[in-house]
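Here's the letter readout for the chains.
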Amino acid sequence: MLVTKPHPFYALSAEGSYITDADGWTRIDWVNNFASLIHGHNKREVVEIISQQAARLLSATMPAEWEVRLAELLVERIPSVEQVRFMNSGTEANLIAIKAARAFSGKSKVAKLEGGYHGQYDLLEASYVPSADRWGARDCPAVLAHNSGTPKSLLDELVLFALNDIATMREILRRNASEVGTVIIDPSGLSLGTGVYADREFLAALRETTERLGMVLIFDEVWSLRSGYRGTQGAVGITPDITTMGKMIGGGLPIGAVGGKRDVMSVFSVDEGEPKVKHSGTFTGNPMSMAAGFTAMSLMVPEMFEMLAVQGQRLTDGLRRALTDTNTQGHVVNRGSMTNLLFTEGIPVDYRDLYTQQTPTVAALAAKMPKLMATEGLHVLRNMFVGSTAISDDDVDQTIAAVTRALVAAREAR
Ligand SMILES: Cc1ncc(COP(=O)(O)O)c(C=O)c1O
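Owing to the predicted nature of the structure, the values given are computational and were not obtained by experimental measurement.

What counts, and at which threshold
- Residues numbered from 1 in each chain as written.
- Predicted model: local features only at pLDDT ≥ 70, side-chain atom pairs only at ≥ 80, totals over all residues.
- Heavy atoms only, no water.
- Pairing = 2+ DSSP bridges.
- Helix = DSSP H or I, 4+ residues; strand = E, 2+ residues; numbered from the N terminus.
- Salt bridge = Lys/Arg side-chain N within 4 Å of Asp/Glu carboxyl O.
- Buried < 20%, exposed > 50% of the residue type's maximum accessible area, 1.4 Å probe, protein only.
- Domains from an automatic or database assignment.
- Contact = heavy atoms within 4.5 Å.
- Buried area = accessible area lost by both parts, 1.4 Å probe.
- Expected span 1.5 Å × (residues − 1).
- Bend = angle between axes of the 7 residues up to and from the residue.

**Quick word on the pairing of strand β1 (residues 11-15)**
Working step 1: In the sheet, β1 pairs with strand β2 (residues 18-21) via four bridges, with the strands oriented antiparallel. Opposite A14, over in β2, you have I19 as the bridge partner.
Working step 2: Once β1 ends, the chain turns through two residues before running back antiparallel as β2, passing G16 with a positive phi of about 60°.

Here it is as structure tokens:
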């Protein structure tokens, strides 16, 4: 749920690129249920298969055909995925992936980016939004609980490093190599909505370092799989050991997935008795999500990803014009179907840079804009525009005009 004050917008219905709330406002949807609706709302083929499947089989403890078909599709497309298991969310996927990596590496500690988001598992939530007064030295960042009550013993299992700083990342992993067996990163960058992207060189260095130190590298592609037909890993040509997926692969229904090379995935194998990692769940691989996911993913042929990139570029060019026309300090950063409007002085390269550039003026404008855009007919999350195949050129042009009006209103309100 997207929390807005004084109360959330209650959704009533949606169609294609538009969503209507309970007050009767219809807006262009640039959130697309946190990036899970790659085709926008109510895609005909997806709705049809869900209706057919609901009448045939809602859920069962036995695997069903759609699970195999979705698994085969992911194995064919995603370079690191030779085998795959399904669950119900991206959070669950990362939790299970960490278990697999620990069992495979034999080491319990996990390393992740300071400021990185991987869902609601408390180990991975730590230091998601640390403040400058507590974050400690750059080459040894303090691990800070995200929620009250998080056990200290859990925090001791986490090690942090900064995005796009190869030398420090190498030094931190080298120093902790006897205890860290797993490194997890969203290969698109810092975390959702921040607009802070990973350099390819950094990802390549991370791959080389983890390989050399015998660590399992997990790419969390729950969000970033939408970057290309073969995910971000295919686009940058860097293959992790494990990939976690979710969001778009469920076609709008709940889903998570863990995929990887046969050797790592063998920890789940029941071929030789008790598996090293036992994985099951009431709704794992449920036929509704599998059917919707397979149908949505089948429609995402390479040309569709190219179309999304063209759409993202049209939006990016227009938003840059909007900044110039309204004399607003800022940047527009784009990766395929993801476009961010930033009000910072420069383009941030890591969490601390992003945090430091959030001056009170920048933060106030960033906080104000989603509301002003909502008044102008746009549904936008944290000034990030998440595209879908339902969005037309006309929607993009209307969006650019609406953002321009919102920027003018923001300036007048200053
Ligand atoms: C990179 C990343 N990983 C994991 C998650 C968690 O996925 P879910 O909300 O399905 O648990 C998200 C959600 O936004 C995400 O962006």
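**Some details on the pattern of salt bridges**
Working step 1: Evaluated as defined, the whole model comprises 21 salt bridges.
Working step 2: Residues R405 and E376 are paired through a salt bridge, measuring 2.6 Å at the closest nitrogen-oxygen approach. Note that R405 is positioned in helix α15 (residues 393-413) and E376 in the loop between α14 (360-375) and β15 (378-379), a separation of 29 residues in sequence.
Working step 3: Among the residues examined, R405 registers a relative accessible area of 41% and is labelled partly exposed.
Working step 4: A relative accessible area of 25% places E376 in the partly exposed class.
Working step 5: Residues joined in a network through salt bridges with shared partners are R44, E45 and E48.

**A word on the domain arrangement of the protein**
Working step 1: Splitting the protein by domain gives domain 1 (11-30 + 301-413) and domain 2 (44-299).
Working step 2: Inter-centroid distance (C-alpha atoms) of domain 1 to domain 2 is 27 Å.
Working step 3: Counting residues at the interface gives 22 residues for domain 1, matched by 33 residues for domain 2.
Working step 4: Carbon and sulfur atoms supply 58% of the area buried between domain 1 and domain 2, which totals about 2,400 Å² over both sides.
Working step 5: Contact with domain 2 buries area across many residues of domain 1, yet F305, Y351 and R352 alone supply 33% of it, more than any other trio.

**A short note on α14**
Working step 1: An ideal rise of 1.5 Å per residue puts 22 Å on 16 residues; α14 measures up with 23 Å between its terminal C-alpha atoms.
Working step 2: A bend of about 30° at M369 is the largest found in α14, and the proline P370 appears one to four places after it.
Working step 3: Packing partners of the buried residues in α14 comprise β3 (26-29), α13 (351-357), β15, β16 (384-386) and α15.
Working step 4: Downstream of α14 by a residue or two, G377 has a phi angle that is positive, lying close to 95°.

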